Amino acid sequence: MTIVQAVRAVSDLIVHDHLCFVYDRDAEARQGLLDFAVAGLARQERVHVYIEPGAPGAAIEDDLRAVGLPVDDLVGAGMLAVGPARDTRPADAGGLLEAFAADTRTALNEGLAGLRVYLETRCLLDQPRARTAWPEYELRADLLAKQLPITVVCAYDVREWTPGDLALAETVHTRRSRDAGAFRMHAGRDGTLRLSGEIDLLTAEQVYRLLVETAPSRPTAVLDVSGVSFVDVSGARSIGTACEAIAGRHGPTRLRAAPPLLRKIWESTTWSSFFPSVRLED
């Protein structure tokens, strides 16, 4: 993906979008953030930027001034807020998401169109426990963005993140700036978890990890698998094993709109007896 394509993925966002913005150049991140903020302000959305000093895009206020925007007035009016990304550490995720929801409702009451949030994830790199909790946070953010007029960008520097952690993060976003990763997991407007793409030996472990780690955030024990385009035995087993692991919290998991291939694997292996907490539905 070129810098123009990556930045366009940020500037073209609409309300309810949750984008994983992966970049490999500072100029790319800086331009993407600028376009994201300008678009939000033009649409009368409140813009929050969470970014560390020294990170690409940290000079966002100067960049906005350079394009002619009255930054001091915007800050004073509550239209623009810029602060450190470490304020969003996952230990405080519940409070942070509640704050996002409250800020959105306040913006609407003030006649604004909604909330726009940009988060630079560099703050997680030196926090192994925070990175482990991050997929659950991202899923909760995805669900919140579906329920309220919020637009969210989570920025990842490909030069700093390991391929495994980055691939896992990409799967739990509604939109991605690059065509990477075989599958995707995100929340529907009704709170249902949706799984799509290809699930095979290469992705089975990631699917299992995401299903288990995000279980506390999911309001229902329903997994919509209508978007699964391919699944092999390893992938199907990972789903079944994960459903058994979370059965104590959610009870049986309903696999909604199970595709024919998944049904065929389930029936040919007689997995109903091995995974009693899974219910396949049309």
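Here we summarise the structure given alongside this text. All figures in this text were calculated on a predicted structure; none of them were measured in a lab.

Definitions and limits used
Residue positions within a chain follow its written sequence, with the count starting from 1. Side-chain atom pairs in this predicted model are given and counted only at pLDDT of 80 or more, local residue features only at pLDDT of at least 70, and totals for whole chains, interfaces and linings cover all residues. Side-chain figures throughout are based on the complete set of non-hydrogen atoms in the structure, without hydrogens or water. Put simply, DSSP H or I for four residues or longer makes a helix, DSSP E for two residues or longer makes a strand, and each gets a number counted from the N terminus. Exposure categories follow from relative accessible area, calculated using a 1.4 Å probe and restricted to protein chains: below 20% of the type maximum is buried, above 50% is exposed, and the middle band is partly exposed. Here a residue-residue contact requires only that any non-hydrogen atoms of the pair lie within 4.5 Å. We call Phe, Tyr and Trp rings a pair once their centres come within 6.5 Å, taking the six-membered ring for Trp, and we label the pair stacked below 30 degrees between planes, edge-to-face above 60, and tilted otherwise. Either the NZ atom of lysine or the CZ atom of arginine qualifies as a charge over a ring when it sits within 6 Å of the ring centre and within 35 degrees of the ring normal. What we call a nonpolar core is a set of buried Ala, Val, Leu, Ile, Met, Phe, Trp, Tyr and Cys residues that are connected through their side-chain atoms within 4.5 Å. Here the rule is simple: two strands pair whenever DSSP picks up at least two bridges between them. Comment: axis = line fitted to C-alpha atoms, over the contacting stretch for helices; angle = value between 0 and 180 degrees taken between N-to-C directions. Orientation categories follow fixed angle ranges, with anything under 35 degrees roughly parallel, anything over 145 roughly antiparallel, 65 to 115 roughly perpendicular, and all other angles oblique. Polarity classes work like this: nonpolar for Ala, Val, Leu, Ile, Met, Phe, Trp, Tyr, Cys and Pro, charged for Asp, Glu, Lys and Arg, and polar for all others, with Gly in that last group.

### Some points on the environment of leucine 261
Following the sequence through the fold, leucine 261 ends up in helix H11 (residues 260–268). On the accessibility criterion, leucine 261 (37% relative accessible area) is partly exposed. In this structure leucine 261 touches Phe230 and Val231, once residues within four positions along its chain are discounted.

### Some points on unusual backbone geometry
Here the phi dihedral of alanine 257 falls at roughly 55 degrees; this positive angle occurs in a residue that is not glycine. On the basis of relative accessibility, which here comes to 25%, the residue alanine 257 falls in the partly exposed class. Although it is not a glycine, threonine 270 sits at a positive phi angle of roughly 50 degrees. Take threonine 270: it is sitting in the loop between H11 and strand S11 (278–280). Residue threonine 270 is classed as partly exposed on the basis of its relative accessible area, which comes to 49%.

### Some details on the packing of aromatic side chains
To describe a pair of aromatic rings, you give the distance between the ring centres and the angle between the ring planes. Summed over the entire model, instances satisfying the criterion amount to 8 aromatic pairs. On the numbers, 5.5 Å between centres and 80 degrees between planes, the contact of tryptophan 271 with phenylalanine 275 is edge-to-face. The exposure class assigned to phenylalanine 275 is buried, which follows from its relative accessible area of 10%. One aromatic cluster is present, formed by Trp266, Trp271 and Phe275 through successive ring pairs. Taking NZ or CZ as reference, arginine 116 lies 4.5 Å from the ring centre of phenylalanine 36, over its face.

### Concerning the nonpolar core
Counting 29 residues, the largest nonpolar core has Leu195, Ile199, Leu223, Val225, Ile239 and Leu262 as its most contacted members. Apart from the residues within four sequence positions on either side, isoleucine 239 is in contact with Leu195, Ile199, Val207, Leu211, Leu223 and Leu255. Leu97, Ala141, Leu144 and Ala169 belong to the second largest nonpolar core, which has 27 residues in total.

### Overview of the pairing of strand S1 (residues 18–23)
Counting buried positions along S1 gives 6 out of 6 residues, so the element sits mostly inside the fold. Taking every second residue as pointing to the same face, both faces of S1 are buried, with His18, Cys20 and Val22 on one and Leu19, Phe21 and Tyr23 on the other. Judged from the 2 bridges that link them, S1 and strand S6 (residues 175–176) form a sheet pairing that is parallel. Bridging from a neighbouring strand, cysteine 20 pairs with arginine 176 of S6.

### Structural notes on the environment of isoleucine 150
Tracing the chain through its elements places isoleucine 150 in strand S5 (residues 150–157). The exposure class assigned to isoleucine 150 is buried, which follows from its relative accessible area of 1%. Residues isoleucine 150 and isoleucine 14, 136 residues apart in the sequence, show an inter-C-alpha distance of 8.9 Å. Sequence-distant contacts of isoleucine 150, defined by excluding residues within four places in its chain, comprise Val15, His16, Asp17, Phe100, Thr104, Leu115, Leu144 and Ala145.

### Quick look at the packing of helix H6 (residues 128–147) against helix H8 (residues 204–213)
In the contact formed by H6 and H8, the axes pass within 8 Å of each other and the chain directions differ by 75 degrees. Considered as vectors, H6 and H8 are oriented roughly perpendicular to each other. Mapping the contact onto sequence places Arg131, Thr132, Pro135 and Glu136 in H6 and Arg209, Leu210 and Glu213 in H8. Each residue belonging to the contact of H6 with H8 can be placed in one class, and the counts come to 2 nonpolar, 1 polar and 4 charged.

### Some thoughts on the sheet that holds strand S7 (residues 183–187)
Spatially, S7-S8-S9-S10-S11 is the arrangement adopted by the 5 strands of the open sheet, whose pairing is mixed. Single-partner strands in this sheet number two, and they are S7 and S11. Put simply, the sheet's adjacent strands are angled 25 degrees from each other on average, direction ignored. Here strand S9 (residues 222–231) pairs with strand S10 (residues 253–256) via 3 bridges, running parallel. Bridging across to S10, aspartate 224 finds its partner in arginine 256. The strands that H8 touches are S7, strand S8 (193–199) and S9; relative to S7, the one it contacts most, it runs at about 10 degrees.

Distances and angles like these do not, on their own, reveal function.
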